[in-house]
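# Structure assessment
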Amino acid sequence: MTLIAMKITTHISIIVFVILLLPQFAFAGFNFQNGKKLRADISVNEPEVVKTAFGMLQGDYLRVFGAEMHQNPKQAKLLIGTIGLQSKAERNVEKNDLAALKQKREGFLIFVKGNSLIVLGSDKRGTAYGLLELSRMMGVSPWEWWADSPVEKRKELVFPDHFRVMQSPSVKHRGIFINDEDWGLMPWSSQNFEPSDVKGRIGPKTHARIFELLLRLRANTYWPAMHECSEAFYLTPGNREMADKYGIYIGTSHCEPMLRNTNAEWKIAGTGVYDFVNNRSNVLKFWEERTRELAGSDNIYTLGIRGVHDSKMLGANTLQEQKDALDEILKAQREMIADIVNPDVEKVSQVFIPYKEVLDVYKMGLQVPEDVTLMWTDDNYGYIRHFPDSAEQTRKGGHGIYNHLSYWGRPHDYLWLATTHPALVYTQMKMAYDKGVRDMWIMNVGDIKPAEYLIELSMDMAWDINSIENNIDGLDRHLQNWLMREFGEKYGADLLAVMNEYYRLAYIRKPEFMGNTRTEERDPAWKEVKDLPWTETEILERIAQYQAIDKKVQQISESISIEKRDAWFQLVEYPVRAAANMNYKHLNAQLARHSKFDWEKSDDAHDKIVKLTEKYNSLADGKWRLMMDARPRRLSVFDRVKRAEAVQSLPVVERLLFKLNGSDFQRFEGPKPLTHGLGYERKAVSLSPNTSLIYSFEALQTDSLRITVALAPNHPVNGNTLRYAISLNNEKPQIIDFQTQGRSEEWKENVLTNQALRTTIHTVKQTGKHTLKITALDEGVIVDQIKIK
């Protein structure tokens with residue numbers, strides 16, 4: 001007998017033993033085996049989502065083991081059930097386990113008893129997740145359809161007689177928002193995958209695939225696409241029924257109250273102006289129609305109001321007028337839910353989203369009912385604007401986060417490649433969770449593709465917040481395990497290095513930002529591509545860094561098996577090489593403007609992006625045609641760079657005495673600082689309040705030093721300050737606050753560069769060795785780099 005321990009890494013680590021057995025060997029336990037038909041006991045009374053998940057498991061079992069899984073209670077060895085439905089599975093669970101599982105929302109228990117495998121869910125979704133956990137353990141990737149990740153055949157999967165796992169989610173509602181779908185998901189769905197005569201229709205066939213992905217990711221919530229280019233979700237026949245089939249909660253964004261896609265539906269079903277203050281009866285009628293239509297489905301009602309699209313409400317100009325209107329609106333919406341959905345309104349899921357100007361209204365003292373979830377937002381670039389304070393944390397309705405992995409708007413879109421740094425996602429969402437944000441996590445994922453890894457990272461955290469160790473090793477391990485699952489263990493180390501560098505370089509500047517342009521600015525000059533403030537040395541260094549990962553990816557591509565090449569291109573080759581060529585295009589153009597290079601290198605890079613995108617859209621016999629668009633919104637940054645001479649010279653190299661990364665401290669005082677791989681060199685450190693970093697350096701005779709500290713551009717975590725103290729050689733500390741206000745110019749620069757800069761001047765009274773001390777005074781201080789001159 002040979003034992004091979006295989007680590008299946010998901011939200012927890014499960015050790016599963018694959019045993020090669022001699023024919024005469026008998027063992028206690030349960031196994032899936034190649035060619036072995038399997039009987040399952042699953043009641044006809046199980047909810048629809050359980051039957052849906054079982055069907056998915058049947059398909060996975062057939063692909064992995066080449067045999068059928070039958071629904072047959074006679075002599076069944078796979079027992080499946082949901083608590084309260086009097087299943088054989090439930091009757092086989094001990095009282096203590098049953099009592100523990102009953103306390104868990106959407107939880108499941110999988111264990112071996114005798115020679116049977118039992119899957120029991122605390123509710124319908126818990127059972128569904130338990131079934132699909134078996135698919136994960138068989139090696140089926142959640143991206144088996146959405147990224148063409150191949151399902152590999154296996155000889156056997158054995159569950160020893162002691163096997164037992166119980167899981168439940170850390171976050172109550174976990175899901176995604178399809179947004180800015182104009183150049184990806186909408187044309188792909190309506191013109192290719194599910195062609196329709198109705199313009200912009202994203203239909204039930206598409207949503208079946210989306211909802212299947214969500215189940216595999218252990219997600220349960222969906223905000224549908226809502227741009228004007230798309231037909232509204234609930235106006236499309238079959239969409240509602242598909243959500244019910246997959247057990248998905250449907251919610252809506254901050255500008256779609258009461259499950260109405262105002263942007264697409266008001267012009268069809270509304271009367272007059274969408275103005276509650278001056279057109280109250282018609283607005284209420286608009287909301288009431290949808291509330292009555294969906295009274296029996298699993299929904300999350302967004303309360304409040306904004307404009308028809310992403311703009312402030314009409315009919316109320318001042319903040320006080322908006323507050324007065326929202327007081328009336330919240331009361332009317334709650335009465336409507338009580339009248340139509342449930343008299344006990346507190347049993348109906350509701351959310352209020354203080355986004356943009358609504359946050360200012362909330363801070364004025366707007367009273368939101370205690371049972372309503374308060375959903376906070378990032379600043380559209382991954383930095384959360386508000387964390388619940390101690391009083392807010394006691395709310396019955398709890399808290400949620402709406403976060404962006406894709407964005408359309410000022411100061412610049414990033415709709416093409418999903419390059420948000422995993423460490424930024426982790427540190428912000430982990431802090432939110434620690435502050436009590438545990439009721440709803442919604443990630444704006446654009447078109448889903450190419451944000452596959454970041455989506456799974458977010459949903460893994462939402463399922464089990466402790467599944468990733470809170471440091472750089474934990475994040476590296478998660479990414480490497482993901483890459484090895486998709487492409488094999490032998491590529492793990494090389495691909496981890498490639499993808500870490502891909503995210504690091506994009507953290508310095510996203511591919512979409514390389515033209516130094518801006519969107520939605522009044523000055524038309526911002527639409528024109530221009531130089532970045534980088535020296536020739538910096539430009540050449542960045543080109544070389546991209547060339548290194550570009551070359552490595554092309555080398556690995558040659559050894560990727562045929563069946564994995566489509567997944568490889570979607571998940572690694574396209575994003576890495578497209579980002580590299582976007583940098584080649586603009587950086588070589590910048591050097592050409594200064595007569596350092598010829599223009600052909602820039603033009604060649606542009607043409608390579610075109611060819612890479614054409615290949616993406618031809619993958620899998622055209623399955624993804626129209627999904628990938630390398631020119632979203634047709635911005636000038638995506639065009640071939642116009643040939644022109646530079647007006648100004650390239651900057652000269654800055655003369656520094658020292659340049660330190662945050663983690664280069666000699667020692668620290670107070671709570672231990674953490675590194676997560678964030679920062680320009682992946683060496684930024686996160687500090688707790690009252691943690692001090694002490695750095696040492698030597699300097700020649702000088703009367704003063706200028707010290708610039710680069711920090712992650714976070715927003716205040718507690719209260720209204722975001723401060724650190726800095727001192728040189730035991731001088732009196734200078735207190736520095738680096739928070740920004742609204743959409744100021746400083747904030748724009750911060751999110752485009754992922755750094756907040758503060759410079760202090762220090763008198764020097766000694767030569768030789770100097771000691772620099774930086775102390776965090778508030779939560780949220782992350783020190784990236786220190787420059788001394």
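Predicted model, so just to flag it, every value in this text is computed and none were measured. (Residues numbered from 1 in each chain as written. Predicted model: local features only at pLDDT ≥ 70, side-chain atom pairs only at ≥ 80, totals over all residues. Heavy atoms only, no water.)

Turning next to the overall build of the protein chain. Regarding its fold elements, the protein chain presents 19 helices and 29 strands. The C-alpha extent of the protein chain, read off along each of the three principal axes, is 90 × 75 × 55 Å. Residue burial in the protein chain is summarised as follows: out of 789 residues, 61% are buried. Put simply, 75% of the contacts in the protein chain that link residues at least 6 apart link residues at least 24 apart. Surface accessibility of the protein chain: about 31,100 Å² in total, with carbon and sulfur atoms responsible for 48%. Here the protein chain carries 102 positive and 103 negative side-chain charges, and the mean point of each set is 3 Å from the other. (Helix = DSSP H or I, 4+ residues; strand = E, 2+ residues; numbered from the N terminus. Buried < 20%, exposed > 50% of the residue type's maximum accessible area, 1.4 Å probe, protein only. Contact = heavy atoms within 4.5 Å. Areas by Shrake-Rupley, 256 points an atom, 1.4 Å probe, with all protein chains shown as cover. Lys, Arg positive; Asp, Glu negative; His and termini not counted. Charge placed at Lys NZ, Arg CZ, Asp CG, Glu CD.)

Turning our attention to the confidence of the model for the protein chain. The predicted model of the protein chain has a mean per-residue pLDDT of 94, with 97% of residues at 70 or higher. Counting interchain partners and residues more than four positions distant, the pLDDT-below-50 stretch residues 1–26 has 55 contacts. (pLDDT = per-residue confidence, 0-100.)

If you trace the five strands from one edge of the open sheet to the other, you get S20-S23-S28-S25-S26, paired in antiparallel fashion. Pairing within the sheet leaves two strands with one partner each, and these edge strands are strand S20 (667–669) and strand S26 (734–737). Looking at each pair of strands side by side, their axes are set apart by 25° on average, direction ignored. Sheet topology places S20 next to strand S23 (residues 692–699); three bridges connect them, and they run antiparallel. Across the sheet, residue Glu669 finds its bridge partner in S23, namely Ser692. (Pairing = 2+ DSSP bridges. Axes fitted to C-alpha atoms, helices over the stretch in contact; angles between N-to-C directions.)

Quick look at the pattern of salt bridges now. Following the criterion strictly, the structure yields 61 salt bridges and no others. Put simply, Arg477 and Glu469 hold a salt bridge, and the shortest N to O gap is 3.4 Å. Residues Glu746 and Arg758 are paired through a salt bridge, measuring 2.6 Å at the closest nitrogen-oxygen approach. Residue Glu746 is located in helix H19 (residues 745–753), and its partner Arg758 is located in strand S27 (residues 756–763); the two are separated by 12 residues in the primary sequence. Residue classification places Arg758 among the buried positions, given a relative accessible area of 17%. Beyond isolated ion pairs, a larger network of salt bridges with shared partners links Asp60, Arg63, Glu144, Arg209, Glu212 and Arg216. (Salt bridge = Lys/Arg side-chain N within 4 Å of Asp/Glu carboxyl O.)

On to the packing of aromatic side chains. What the rule picks out here adds up to 48 aromatic pairs. Between Tyr381 and Tyr414, the aromatic rings sit 5.4 Å apart at their centres with planes inclined by 45°, giving tilted as the arrangement. Residue Tyr381 is found in the loop between strand S16 (373–377) and strand S17 (399–404), and its partner Tyr414 is found in the loop between S17 and helix H12 (422–434); the two are separated by 33 residues along the sequence. The two residues Tyr381 and Tyr414 agree in class, both being buried. Look at Tyr407 and Tyr414: their rings are 6.3 Å apart centre to centre, the planes differ by 45°, and that puts the pair in the tilted class. Assessed through its relative accessible area of 5%, Tyr407 is described here as buried. Its relative accessible area of 1% is what places Tyr414 among the buried residues. Between Lys510 and the ring centre of Tyr414, over which it is positioned, the NZ or CZ distance is 4.6 Å. Geometry around Trp526 places Arg518 over its ring, the cationic atom sitting 4.0 Å from the centre. (Phe/Tyr/Trp six-rings, centres within 6.5 Å; stacked < 30°, edge-to-face > 60°. Lys NZ or Arg CZ within 6 Å of the ring centre and 35° of its normal.)

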